[in-house]
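Close look at the chain arrangement
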Amino acid sequence: MNKDIIFVSDYDRTLSSEKNNFRIDKEVARIVNDFSKTYPFFVVTGREKKFIDILAPELKPTGWILENGALMYVNGELIYNIQPSWFDTRKNIIKILDNYNISYSLGNVIVYVDKAHEYKGVLNSIKDATVEWNRNDAMILPKGVDKGSAVIQLRERLGYRGKIVAIGDSENDISMFRVADIRVSVANALPMIKEISELILEKEDGEGVKEFLLKVLKGEIILIK
Ligand SMILES: O=C(O)COP(=O)(O)O
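Note that this is a predicted model, so its numbers are computed, not measured. (Residues numbered from 1 in each chain as written. Predicted model: local features only at pLDDT ≥ 70, side-chain atom pairs only at ≥ 80, totals over all residues. Heavy atoms only, no water.)

A short note on the pairing of strand β9 (residues 137–142)
This is how the line gets drawn: Burial here depends on accessible area, computed with a 1.4 Å probe over protein chains only, as a share of the maximum for the residue type. Under 20% is buried, over 50% is exposed, and the range in between is partly exposed. We count a stretch as a helix when DSSP gives it H or I for four or more residues in a row; a strand needs E for two or more, and each element gets its number in order from the N terminus. Strand pairing is assigned whenever DSSP identifies at least 2 bridges connecting the two strands.
Within β9, 5 of the 6 residues are buried, which leaves it mostly tucked inside the rest of the structure. Across 3 bridges, the pairing between strand β7 (residues 111–113) and β9 is antiparallel. Among the inter-strand pairings, Val111 is bridged to a residue of β9, identified as Ile140. When strand β8 (residues 129–134) meets β9, the two strands line up antiparallel, connected through 6 bridges.

Below, the structure is given as structure tokens:
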């Protein structure tokens, strides 16, 4: 395995497509699985493991960062990237959401509030937590936890020193882009994500990522000299 470069990729609207209800395309999974034999490749998503198990059972990357950085899953081990006191904080947050009649769902760690734009004021005023947005949906996370902090944690844990290439499309990928050496956005990425990318892929979602990974493997794209 070439550990000079580590690839980290978002899932929704990056590896998977909304048109396909976020189900991974079999060919995209095959290319990612193959690619992960040559370079470390981590899927970094806001999603919970239980949904990934349904949407992408055939995807076998080097590892996963789940719940927007709160959890990592590598070599069959689930690792929490949080302080235990978070669960008390979370109880208080749930009380606030209940008071405002805001519906939510709970992950192992985080709180999901879908279609949350109308509650932006309430959510952004919650203390002792970070609110990350992915288009219209919000994720309430322990303070300091985001995709970027998890990527750095995981890299240290595995003893990889390589440069980071991040692939993404949306607001909750920005923290991952901040810690990356090279930023790549899919053709369907938000304009603000494309603006901070060194490379914008020609195709959308997994189709774009697939072409990109194949070019890297063939040496047609040299990322780091
Ligand atoms: O918002 C989610 O639940 C997942 O989204 P992501 O894979 O784009 O991070």
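Anyway, onward from the coordinates.
A look at the sheet that holds strand β4 (residues 71–74)
To be explicit about the condition: Residue contacts are defined here by distance: any two heavy atoms, one from each residue, within 4.5 Å place the two residues in contact. Only C-alpha atoms enter the line fits that serve as axes; for helices the fit covers just the stretch in contact. Angles between N-to-C directions range over 0 to 180 degrees.
Read across the sheet, 8 strands follow the order β5-β4-β3-β2-β1-β10-β11-β12 without closing on themselves; strand pairing throughout is mixed. Looking at strand neighbours, the two that pair on one side only are β5 (77–80) and β12 (199–200), the edges of this open sheet. Pairing geometry for strand β1 (residues 5–9) and strand β2 (residues 41–44), over 3 bridges, is parallel. Each residue of the ladder has a partner; that of Ser9, found in β2, is Val43. Sheet strands in contact with helix α8 (residues 205–218) are β1, β2, β10 (163–168), β11 (182–185) and β12, and its direction is about 155° off that of β10.

So, the environment of Lys3
Along the chain, the position of Lys3 falls in the segment before β1. Distance in space between the C-alpha atoms of Lys3 and Arg157 is 14 Å, their sequence separation being 154 residues. Ignoring anything within four residues of it in the chain, the contact list for Lys3 reads Pro40, Tyr160 and Gly162.

Details of the packing of aromatic side chains
As a reminder, the rule being used: Classification of ring pairs rests on two measures: the distance between centres of Phe, Tyr or Trp rings, Trp counted by its six-membered ring, which must be within 6.5 Å, and the angle between planes, read as stacked under 30 degrees, edge-to-face over 60 and tilted in between. In this scheme, the term charge over a ring applies when either NZ of a lysine or CZ of an arginine sits within 6 Å of the ring centre and within 35 degrees of the ring normal.
This model, assessed by the stated rule, comprises 5 aromatic pairs. Consider the rings of Phe7 and Tyr39, whose centres lie 5.3 Å apart with planes at 65°: the pair is edge-to-face. Separated by 32 residues along the polypeptide, Phe7 in strand β1 and Tyr39 in the loop between α1 (26–35) and β2 bring together distant segments of the chain. Side by side, Phe7 and Tyr39 carry an identical accessibility label, which is buried. Aromatic ring contacts, followed pair by pair, group Phe7, Phe35, Tyr39, Phe41 and Phe212 into a single cluster. Note that Lys49 overlies the ring of Tyr73, its terminal NZ or CZ placed 4.6 Å from the centroid.

Brief notes about the pattern of salt bridges
This is how the line gets drawn: Throughout this description, the term salt bridge denotes a Lys or Arg side-chain nitrogen within 4 Å of a carboxyl oxygen of Asp or Glu.
For the structure on display, the rule yields 17 salt bridges. As a salt-bridge pair, Arg47 and Asp12 come within 2.7 Å of each other at their nearest N and O atoms. Residue Arg47 is located in the loop between β2 and α2 (49–55), and its partner Asp12 is located in the loop between β1 and α1; the two are separated by 35 residues in the primary sequence. In this structure, Arg47 and Asp12 share a single accessibility class: buried. Because the salt bridges share partners, they merge into one network encompassing Asp10, Lys147 and Asp173.

Considerations on the confidence of the model for the protein
Keep this limit in mind: The pLDDT value expresses, per residue, how confident the predictor is, ranging between 0 and 100.
Scored by pLDDT, the protein has a mean of 95; 100% of the residues are at 70 or more. Confidence estimates for the predicted assembly give a pTM of 0.95 and an ipTM of 0.95.

Digging into the site of the ligand
Under the convention used in this document: Throughout this document, a residue counts as near a molecule or strand when at least one of its heavy atoms sits within 4 Å of that molecule or strand. Any N or O atom pair separated by 3.5 Å or less is treated as a polar contact, with the protein-specific requirement of one donor-capable and one acceptor-capable atom, and with residues adjacent in sequence counted only for side-chain atom pairs. Areas reported as accessible are Shrake-Rupley estimates using a 1.4 Å probe. Residue values count occlusion only from the protein chains shown. Of the grid points, spaced at 1 Å and generated over the protein atoms alone, those admitting a 1.4 Å probe that cannot get out make up cavities, while open sets with protein on both sides within 12 Å along at least five of seven lines make up pockets; any residue with an atom within 4 Å of a point is treated as lining. Think of it this way: if more than half of a molecule's atoms are within 2 Å of a pocket's grid points, that molecule is in the pocket or cavity. Polarity classes work like this: nonpolar for Ala, Val, Leu, Ile, Met, Phe, Trp, Tyr, Cys and Pro, charged for Asp, Glu, Lys and Arg, and polar for all others, with Gly in that last group.
Every residue close to the ligand is listed here: Asp10, Tyr11, Asp12, Thr45, Gly46, Arg47, Asn134, Met139, Lys147 and Asn172. Contact between the ligand and Asp10: an oxygen atom at 2.7 Å from a side-chain N or O atom of the residue. At 2.7 Å, a side-chain N or O of Thr45 approaches an oxygen atom of the ligand. Here the ligand loses 92% of its free accessible area of 290 Å² to cover by the protein chains. For the ligand, the cavity whose grid points lie within 2 Å of the majority of its atoms is the largest pocket. Along the lines of polarity and charge, the residues of the shell around the ligand split into 2 nonpolar, 4 polar and 4 charged.

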